[in-house]
Amino acid sequence: MAKLGVNIDHVATVREARKTNEPDPAWAATLAELGGADGITLHLREDRRHIQDRDVRVLMETVAVPVNLELACSADVLRIACEAHPHQATLVPERREEVTTEGGLDVAGCYDQVASACEQLRGAGIIVSLFIDPDPKQIEAAAKIGVEAVELHTGVYAHASAKHAAAEPLKVLQDAGKLVRQLGLTLHAGHGLTYRNVQPVAALPEMCELNIGHSIIARAIMVGLEQAVRDMKRLIVEASA
Ligand code: PXP
């Protein structure tokens, strides 16, 4: 069954809107765990627009489930990741002007840079996942590097599902998932997943981990975080059954 990694970046986004000390992502992590999160995901961006260095340290000390730290292939955050030693690091592309992560990491095009970042993280004993588009070229490059997992970018599927036109992008994810498994990598997925579109992705064969942030935090504003996580978890369990 797919595990649920709850991305708590947007709790820090609310805090940073006022540059104050509340809400603390550590509170959110505790509630997410109570709601059934299998993991906590956070993205330490180079521009520090939401998660701060202190959050990484505090969460590493307080979170009981595995922590997945998302980061770009840049020296500053790679050093912090190696020191913090999360269970898993997911390498993502980053552009300062983007609203959120757009597109997957170009592993094939930036092979040496990505391979070197992976080597650094793995040298520190951290499991490495690469956030990539569901594109055979990128999956093969990831396998060549020898990472443990890839997280397929579900953004195109999510966008299409909002317009009830998700069949084709879902097929792309299915085919990509098959190749991921054939190449011996662990299958993760994320980005843009919601309570409405999560189930077909959760049901992909051998789907191991889904990382979901915005939709859960959006619902949490209305029903509370523990309940919002519980609701998402139930959908994933149902889809996997
Ligand atoms: N996975 C990765 C690699 C991401 O960068 C993000 C966004 O931070 C997510 C999953 C979660 O996306 P969303 O907030 O749309 O659920």
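Going by the structure above, here's the rest.
Residues numbered from 1 in each chain as written. Predicted model: local features only at pLDDT ≥ 70, side-chain atom pairs only at ≥ 80, totals over all residues. Heavy atoms only, no water.

Looking at this model, I keep getting lost on the pairing of strand 1 (residues 3-7). Mind explaining?
Across a regular strand the side chains alternate sides, sitting on one face of the sheet and then on the other. Most of strand 1 is tucked away, with four of its five residues classed as buried. Looking at chain direction, strand 1 and strand 8 (residues 207-212) are connected through four bridges and run parallel. Bridge pairing links Leu-4 to Leu-210 in strand 8. Sheet analysis places strand 1 next to strand 2 (residues 39-43), joined by three bridges and oriented parallel. Looking at strand 2, one finds that Val-6 is bridged to Ile-40. (Buried < 20%, exposed > 50% of the residue type's maximum accessible area, 1.4 Å probe, protein only. Helix = DSSP H or I, 4+ residues; strand = E, 2+ residues; numbered from the N terminus. Pairing = 2+ DSSP bridges.)

How should the layout of surface pockets be read in this particular structure?
To find leftover empty space, one rolls a probe the size of a water molecule over the atoms. Its boundaries defined by the atoms lining it, the second largest pocket holds a volume of some 260 Å³. In terms of lining, the second largest pocket is formed by 20 residues, of which the most central are Lys-3, Pro-66, His-87, Gln-88 and Glu-209. Taken together, the elements giving at least two residues each to the lining of the second largest pocket come down to strand 1, strand 2, strand 3 (67-71), strand 7 (186-190) and strand 8. Classifying every residue of the lining of the second largest pocket by side-chain character gives seven nonpolar, nine polar and four charged. (1 Å grid on protein atoms, 1.4 Å probe; cavity = no way out; pocket = protein on both sides within 12 Å on 5 of 7 lines; lining within 4 Å. Points joined across faces, edges and corners; volume = space filled by probe spheres on them. Nonpolar A, V, L, I, M, F, W, Y, C, P; charged D, E, K, R; others polar.)

Would you mind showing me how to read the sheet that holds strand 4 (residues 88-91) here?
Around the barrel, which closes on itself, the eight strands sit in the order 1-2-3-4-5-6-7-8 with parallel pairing between neighbours. Between one strand and the next, the sheet's axes are offset by a mean angle of 25°, whatever the strand orientation. The pairing of strand 2 with strand 3 spans four bridges and is classified as parallel. Along strand 3, the bridge assignment pairs Ile-40 with Val-67. (Axes fitted to C-alpha atoms, helices over the stretch in contact; angles between N-to-C directions.)

Just checking my understanding: could you explain the environment of Arg-15 for this structure?
Inspection of the secondary structure puts Arg-15 in helix 1 (residues 9-18). Along the sequence, Arg-15 and Ile-51 sit 36 residues apart, while their C-alpha atoms lie 9.5 Å from each other. Apart from residues lying up to four places away in sequence, Arg-15 is in contact with Thr-20, Asn-21, Glu-22, Pro-23, Pro-25, His-50, Gln-52 and Asp-55. Separated by 2.6 Å, the side chains of Arg-15 and Asp-55 make a polar contact. (Contact = heavy atoms within 4.5 Å. Polar contact = N/O pair within 3.5 Å; in protein donor to acceptor, adjacent residues only side chain to side chain.)

What is the right way to read the pattern of salt bridges from this model?
Opposite charge on two side chains lets them pair, provided their charged atoms get close. Under the definition given, this model contains 18 salt bridges. For Glu-16, the salt bridge identified is with Lys-19, shortest N-O distance 3.1 Å. The exposure class of Lys-19 is exposed, given its relative accessible area of 63%. As a salt-bridge pair, Arg-122 and Glu-148 come within 3.5 Å of each other at their nearest N and O atoms. In this pair, Arg-122 sits in helix 5 (residues 111-123) while Glu-148 sits in the loop between helix 6 (136-145) and strand 6 (149-153), placing the two residues 26 residues apart along the sequence. Residues joined by salt bridges that share partners form a network here, namely Arg-15, Glu-16, Lys-19, Asp-24, Arg-54 and Asp-55. (Salt bridge = Lys/Arg side-chain N within 4 Å of Asp/Glu carboxyl O.)

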